[in-house]
Amino acid sequence: MPLRLKKTPVPVQGPEERVRNFDEVSLGYTEDQALKEAARCLHCKNAPCKEGCPVEVDIPEFLAQIKARDYTGAIETIKSKNNLPAICGRVCPQENQCEKYCTLAKKGESVGIGRLERFAADLDLASGSTHTPELPEPTGFKVAVIGSGPAGLTAAADLARLGHQVTILEALHAPGGVLIYGIPEFRLPKQVVRQEIEYVRHLGVEIRTDFVVGETATIDEIFDRGYDAVFISTGAGLPHFMGIPGENLINIYSANEFLTRINLMKAYLFPQYGTPIKVGDKVAVIGGGNVAMDSARTALRLGAKEVTVVYRRSREELPARQEEVSHAEEEGINFQFLTSPVRYIGDEEARVTAMTCIRYQLGEPDASGRRRPIAIPGSEFELSVDTVVVAIGQGPNPLVPRTTPGLELTNKGTIKANEDTGTTSRPGVFAGGDIVTGAATVILAMGAGKQSARAIHSYLQTLPKKN
């Protein structure tokens, strides 16, 4: 049988239809499509795809189980390593992880590993049954996990599966972190996130919301309450701005505020929820990552007539996932490459009306490996706008580090932690995810949570037994 070098296409909403709603764009595989795609796997002896998975899923095993129509076995294989498979199947950049190492990718397109993971996970969620593994006897040790994003949820679930009593402390009124407040409904439905979080609760994890560590209680006070270890996974929720004139004008948002208001505060469901956000006719989004694509595509769905992504490098350097860029282009998003704002202009009511931009050319590569943008003198031009969303990255919130004496930081304000174990300068305090690496991907944060859970378990074994 000849090799099929192309992935089985996944059904999606058409661009003309989806720009008018917040429903999920990708509709996922049918059973026939999943079986067809799973059959493409070559089942290589060395399984190179496995080395590209930060959470160590046995990819060939679950693909073989799907191929054999053993869907229960497939989800059990996945969940033995990955506690959030329906989320990962949607937002993990598989093309830069497991699929990058797929043998088929050398001649054509890799197996659609992410699409198949989503297929198995969605079947599991639709069944209404929770494949919860048998849990060991309680160890008596208590672990506090600060933050309920992907790193925190992963660490909490893995620690609970090792028998420890785990409490997640979440600052916001709903758990999920960036999965809830940062990623739009059309890419990651909130109901999917809630169901995955419910699975973590089924493992025995307690989740306390409206608990701001550093205000409600410090890490030292958490230890005083009887906890034996703490895992910090507060993410990178502090927005970056450019520091250019006019940045404080009305209707200039950080991407964090823009997406949080739409997702967590449900502006996308107006008028059912009384939290609207008005974008006007012309929206500019500054930046080229996944957050910029999410912001641009969201603005379009909120009624903007013209949305422009303004990015200071070329299309080849765009850091966003190719799928997200393609979807944005299909939906009619404009791109101004090699361009950046230098000043915002407002009206008499201090509302932004335009921005002065400058053109760039690319020079030699910088520390990121991408060619450095160099401003072209005299190339300034004006772009009319009603709303601007600044999506140029995020940094760590300083509250937890500032209230934790002896916690060593990097010069960027992130927590200094061992990349393999999450250990910090404070005994019993571990950290992982964006609070350590800076803004990164969901799956890398999950990998950090898994590694830290192992290290925390090993650390707890050195303490006097509590049973």
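The text that follows walks through the structure, step by step, so that each part is easy to find. Positions within a chain are numbered from 1, following the residues in the order the chain's sequence is written. Since the coordinates come from a predicted model, pLDDT governs what is reported: local features require at least 70, and pairs of side-chain atoms require 80 or more to be given and counted, while whole-chain, interface and lining totals use all residues. The basis for every side-chain value is the complete set of heavy atoms in the structure, and neither hydrogens nor water enter the calculation.

Overview of helix α12 (residues 255-263)
So, step 1. Relative accessibility thresholds used throughout: buried, under 20% of the residue-type maximum; exposed, over 50%; partly exposed, between the two (1.4 Å probe, protein chains only). Secondary structure elements follow DSSP: runs of H or I of four or more residues count as helices, runs of E of two or more count as strands, with numbering from the N terminus. Along α12, the residues classified as buried are A255, N256, F258, L259, I262 and N263. Projection of α12 onto a plane perpendicular to its axis shows the buried side chains occupying an angular sector of 165°, all on one side. The arc in question is formed by the directions pointing from the helix axis toward the C-beta atoms.

Focus: the pairing of strand β10 (residues 339-346)
So, step 1. Paired strands, in this sense, are two strands between which DSSP finds at least two bridges. In this sheet, strand β11 (residues 352-365) lies alongside β10 in antiparallel orientation, the contact comprising seven bridges. Looking at the pairing, R343 lines up with T356 of β11.
So, step 2. Adjacent in sequence and paired antiparallel, β10 and β11 are bridged by five residues, among which A350 carries a positive phi angle near 65°.

Quick word on the nonpolar core
So, step 1. Here the nonpolar core consists of buried residues drawn from Ala, Val, Leu, Ile, Met, Phe, Trp, Tyr and Cys, with membership extended through side-chain atoms lying within 4.5 Å. Counting residues in hydrophobic clusters, the biggest one holds 72 residues, and the most contacted among them are I59, F62, I66, I87 and L116.
So, step 2. Here the element with the most residues in this core is helix α17 (residues 442-461); it accounts for eight residues.
So, step 3. In this analysis, two residues are considered to be in contact whenever any of their non-hydrogen atoms come within 4.5 Å of each other. For I66, the residues in contact, after removing those within four places along its chain, are A34, L35, A38, Y71, A74, L116, F119 and A120.
So, step 4. One finds V307, L318, A320 and A328 within the second-largest nonpolar core, a separate group that totals 32 residues.

Some remarks on the layout of surface pockets
So, step 1. Grid points spaced at 1 Å and placed over the protein atoms alone form the basis of the search, with a cavity being a set where a 1.4 Å probe fits but cannot get out and a pocket an open set showing protein on both sides within 12 Å along at least five of seven lines. Lining residues have an atom within 4 Å of a point. Grid points are joined across faces, edges and corners, and a volume is the space filled by probe spheres set on the points. As a volume, the second largest pocket reaches approximately 590 Å³.
So, step 2. In terms of lining residues, the second largest pocket is bounded by 28 residues, among which V10, R115, R321, E323 and H327 are the most central.
So, step 3. Looking at the lining of the second largest pocket, the elements with two or more residues in it are α6 (85-91), α7 (113-127) and α14 (322-330).
So, step 4. With six residues, the top contributor of residues to the lining of the second largest pocket is α14.

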